[in-house]
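So the chains spell out like this:
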Amino acid sequence: MLAHWFLAAIHLLAFALGFWAVLTRGTAFRRLNAGLGEARSVLVADNLWGISAVILLVTGAMRAFGGYGKGTDYYLHQPLFHLKMTLFVFILLLEIAPMVVLIKWRIALGRGAAIDTGRATLFARISHIEALLLVLMVVAATGMARGVTFG
Ligand code: HEM
């Protein structure tokens, strides 16, 4: 029971961290594009966003498939679990472009070279869309946890 509680708390705290980090990354991209911020702020927020995503995935998978929740069968037959996972996949797909570019930024900055900030506005928008998808995941998750079904 303590392990269930611990995992649930970590899962929720990772959501809080991830939501804050992805919003902050979006704002940092926007500030950078306006010539007000530094690439470092984007990268720090991106690190936290990445860490929170891994924690969400690991704790979520343990709860869904590792015997620390209501059992795999429950979730696989819960439509809102599928909605939640679909939203998660959308986030992962949206994340591909910023992830690739930010890896290039890290390499360039490591070498003391210039970075290409041409797509910063697009990545700000993507970050904020990802935050919205996280909110929708919470809506799906709370219904899923309470056995809400349709029809
Ligand atoms: C990535 C963003 C994610 C967000 C924002 C999120 C959000 C949440 C929230 C708010 C809850 C609590 C629901 C409640 O008790 O009212 C929850 C529970 C849960 N989540 Fe996630 N989650 C995420 C990722 C995942 C992933 C990737 C998985 C599975 C692979 C997962 C599996 C679960 C499970 C099994 C529960 C327990 C539901 C229950 O009490 O039966 N989550 N999630």
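Shown above is the structure to which this text applies.
In this text, all values refer to a predicted model and were calculated from it rather than measured experimentally.

Draft legend 1. Molecular detail of the overall build of the chain. In terms of regular secondary structure, the chain is built from five helices and zero strands. Along the chain direction, N to C, the helices and strands of the chain fall in the order α-α-α-α-α. By principal-axis analysis of the C-alpha atoms, the chain measures approximately 50 × 35 × 20 Å. Here the chain, with 151 residues, has 26% of them falling under the buried criterion.

Draft legend 2. Representation of the packing of helix H1 (residues 2-33) against helix H2 (residues 39-65). Remark: H1 packs on H2, axes separated minimally by 7 Å, with the N-to-C direction vectors making an angle of 155 degrees. By the angle class used here, H1 and H2 are roughly antiparallel. As H1 runs across H2, the sense of the crossing is left-handed. Of the residues assigned to the contact of H1 with H2, the class counts are 19 nonpolar, seven polar and three charged.

Draft legend 3. Local environment of helix H4 (residues 79-110). A rise of 1.5 Å per residue sets the reference length of H4, with its 32 residues, at 46 Å; its end C-alpha atoms lie 45 Å apart and thus fit the reference within 8%. A maximum bend of about 35 degrees is found in H4 at isoleucine 96, where proline proline 98 lies one to four positions downstream. Leu80, Lys84, Leu87, Ile91, Pro98 and Leu102 are the residues of H4 that are buried. Directly after H4, the chain includes glycine 112, whose backbone phi takes a positive value near 75 degrees.

Draft legend 4. Expanded view of the site of the ligand. Around the ligand, 20 residues are found, and the nearest of them are Gly60, Arg63, Ala64, Ala141 and Ala145. Of all elements in the fold, only H1, H2 and helix H5 (120-145) reach the threshold of two or more residues within the shell around the ligand. The leading source of residues in the shell around the ligand is H5, at seven residues. Counted by class, the shell around the ligand contains 14 nonpolar, four polar and two charged residues.

Rules used in this analysis
For every chain, the first residue of its written sequence is number 1, and the numbers climb from 1 along that sequence. Given that the model is predicted, a residue must reach a pLDDT of at least 70 before its local features are reported, and side-chain atom pairs must reach 80 or more before they are shown or counted; all residues, however, enter totals for whole chains, interfaces and linings. Numbering of helices and strands runs from the N terminus; a helix is a DSSP stretch of H or I covering at least four residues, while a strand is a stretch of E covering at least two. Partly exposed residues are those whose C-beta has more than 12 but fewer than 20 other C-beta atoms within 10 Å; 20 or more makes a residue buried and 12 or fewer makes it exposed, with C-beta atoms placed from the backbone. All axes are obtained by fitting lines to C-alpha atoms, using only the stretch in contact for helices, and the reported angles, taken between N-to-C directions, cover 0 to 180 degrees. Working rule for angles: under 35 degrees goes down as roughly parallel, over 145 as roughly antiparallel, 65 to 115 as roughly perpendicular, anything else as oblique. A crossing counts as left-handed when the near helix is turned anticlockwise from the far one by less than a right angle, and as right-handed when that turn is clockwise. Gly is put with the polar residues, along with every residue not named as nonpolar or charged; the nonpolar set is Ala, Val, Leu, Ile, Met, Phe, Trp, Tyr, Cys and Pro, and the charged set is Asp, Glu, Lys and Arg. In this scheme, a helix's expected span is set at 1.5 Å multiplied by one less than its residue total. In this scheme, the bend at a residue equals the angle between the axes fitted to the seven residues that finish there and the seven that begin there. Using a C-beta atom placed from the backbone for every residue, we mark a residue as near a molecule or strand if that atom lies within 6 Å of it.

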